[in-house]
Amino acid sequence: METLILKDDQIQRAADFLADGQLVAFPTETVYGLGADATRSEVVKNVYAAKGRPSDNPLIVHVDSPEMVWQYADNCYKEQASKLMDQFWPGPLTIIMPIQAGTLSKQVTGGLSTAAFRMPNNQATLDLIKTFGKPIVGPSANTSGKPSPTEAKHVYHDLKGKIAAILDDGPTVIGVESTVIDLSADTPTILRPGMITEEELTDVLGDVASDHHKVSQEEIPKAPGMKYKHYAPNAQVIIVDDPNDFAEAIKEYAQASEPIGILATDLILNELSGNYKTYSLGEDVISASKHLFAGLRALDDQNVPYILAQGFPESGHGVAYGNRLNKSAGQQHFKKQGEK
Ligand code: TXA
Ligand code: MG
């Protein structure tokens, strides 16, 4: 199959593919998604196959409006959900609620009685869903286990030949996936951190819990996706938490035979001299979040054996960045001699 690259003046073409039961990757403000008709289970199955995704991992249902949600969601949490939608939609917040029985297939929900809903803040994709007239599922449009795609070329790299088209709207703005909040829990619970922070959600809802810190392979996490290997490039990633430790970390990991990769802010990169492959995270944790996945991919393309990646304090917007980076590094942090 040839994979077409479509621009935002070709929305109708993209919608026609969806209506024809084809897969179309779409842009959002966070990462690119792999779109398919959310109401047809035989089509949704193809999404799992294209990504190589375990089939017990449920998908996000992308909508163009709150109204579209209420065709599928039970309205038992409508009051809380509406407050969140008013405040954060369109935007990087995914809301999990019980669904009306029989409205969405088990391919979408992973067999749960709930589903995840999100209205992304990207005009081309909102136009696409409106033109198509139905919600579209959308896991991140990467091969399962690899860093999520923040540019159309990343999607093309992973899925060319497997999907009909990619709606290209340039690099995404945020770079890490949406915050996932489960309203069906006793206390509204954050299952995946993102750019909408716990503090912002607490301001709207009052009490909010967080359930993304200790998810290991053994536990059955609330968000099934959190238990799988994620965001992992071929290189081994090592997190350098203290910017002052880069020199020592480089000494430990530098190879005589091949350059290592360094993923850090300009402040750190400007201090370096030596034979490294570098990728800039910009200047702070917001720009770092935007560039993290692209950086991991770019360094991987250059076949580096190690990537030393800058850590940031894990509070506020740093929670999402730290969550993704820790997964891509398998939790490996640089420790100085004496600290080991
Ligand atoms: O920013 C994003 O959310 C991107 C863009 C494309 O919208 N999408 C995305 O989808 O990251 P995905 O499938 O890679 O991640 C969805 C997460 C997974 O961890 C999944 O297990 C969880 O949400 N999830 C989906 N439905 C759920 C449900 N009913 N209950 C619990 N967790 C759910
Ligand atoms: Mg994903």
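Rules used in this analysis
- Position numbers for residues start from 1 in each chain and track the written sequence from start to end.
- The lettering of chains begins at A and the numbering of ligands begins at 1, in the order of writing.
- The predicted origin of the model limits local features to residues at a pLDDT of at least 70 and limits the giving and counting of side-chain atom pairs to 80 or more, whereas totals for whole chains, interfaces and linings rest on all residues.
- The side-chain values count all of the structure's non-hydrogen atoms but skip hydrogen atoms and water molecules.
- Domain delimitation follows an automatic or database domain assignment.
- Put simply, buried area is how much 1.4 Å-probe accessible surface two parts lose in total, over both of them, once they are put together.
- Basic side-chain nitrogens of Lys or Arg form a salt bridge, by our definition, when they fall within 4 Å of a carboxyl oxygen of Asp or Glu.
- When DSSP finds two or more bridges between two strands, those strands count as paired.
- A run of H or I in DSSP becomes a helix once it reaches four residues, and a run of E becomes a strand once it reaches two; helices and strands are each numbered from the N terminus.
- By definition, residues are in contact when any of their heavy atoms lie within 4.5 Å.
- Structural elements are reduced to axes, namely lines fitted to C-alpha atoms, with helices fitted over the stretch in contact, and the angle between N-to-C directions of any two is expressed from 0 to 180 degrees.
- Note on terminology: a nonpolar core comprises buried Ala, Val, Leu, Ile, Met, Phe, Trp, Tyr and Cys residues joined through side-chain atoms within 4.5 Å.
- Think of it in three bands: residues with accessible area under 20% of the maximum for their type are buried, residues over 50% are exposed, and the middle band is partly exposed, with areas taken using a 1.4 Å probe on protein chains only.
- Like charges within 9 Å and nonpolar side chains (Val, Leu, Ile, Met, Phe, Trp, Tyr) within 5 Å are joined into patches, using only residues over 30% in relative accessible area that form no salt bridge.
- To be clear on the numbers: accessible area is Shrake-Rupley with a 1.4 Å probe, and residue cover counts the displayed protein chains and nothing else.
- When charges are counted, Lys and Arg contribute as positive and Asp and Glu as negative, whereas His and the chain ends are disregarded.
- In this description, the location of a charge corresponds to atom NZ of lysine, CZ of arginine, CG of aspartate or CD of glutamate.
- Classification of ring pairs rests on two measures: the distance between centres of Phe, Tyr or Trp rings, Trp counted by its six-membered ring, which must be within 6.5 Å, and the angle between planes, read as stacked under 30 degrees, edge-to-face over 60 and tilted in between.

S.K.: Give a description of the domain arrangement of the protein that names residues and reports values.
M.R.: According to the domain assignment, the protein consists of domain 1 (4–210) and domain 2 (236–329). Just the C-alpha atoms count here: the centres of domain 1 and domain 2 sit 29 Å apart. Carbon and sulfur atoms supply 59% of the area that domain 1 and domain 2 bury against each other, a total of about 1,500 Å² over both sides. For the pair domain 1 and domain 2, the number of links is two salt bridges.

S.K.: Please give an account of the sheet that holds strand 3 (residues 33–37) that cites residues and values.
M.R.: Read across the sheet, 11 strands follow the order 1-8-2-3-7-4-6-5-9-10-11 without closing on themselves; strand pairing throughout is mixed. A single partner strand is all that each edge strand has here, and the edge strands are strand 1 (4–6) and strand 11 (209–210). As judged from the two bridges shared by strand 4 (residues 60–62) and strand 7 (residues 136–137), these two strands associate in the antiparallel manner. If you follow H62 over to strand 7, its bridge partner there is I136. The strands touched by helix 1 (residues 11–19) are strand 1, strand 2 (24–26), strand 3, strand 7 and strand 8 (165–167); relative to strand 1, the strand with the most contacts, the crossing angle is about 135°.

S.K.: Break down the nonpolar core for me, with residues and values.
M.R.: L84, M97 and F117 are the most contacted members of the largest nonpolar core, which totals 65 residues. Dropping the residues within four chain positions of it, M97 is found in contact with V69, W70, A73, Y77, A81, M85, T114, A115, F117 and L183. Core analysis: the second largest hydrophobic core is formed by 24 residues, V237, L281, F293 and Y321 among them.

S.K.: Could you give me a rundown of a negative patch on the surface, with the residues and numbers involved?
M.R.: A surface patch of negative charge is lined by D8, D9, D127 and D169. By the element assignment, D9 lies in the loop between strand 1 and helix 1. Taking the relative accessible area as the measure of exposure, D9 reaches 66% and is therefore exposed.

S.K.: Kindly report on the packing of aromatic side chains, identifying the contributing residues and their values.
M.R.: Under the definition given, this model contains two aromatic pairs. Ring plane angle 85° and centroid distance 5.3 Å describe the contact between F312 and Y321, whose orientation is recorded as edge-to-face.

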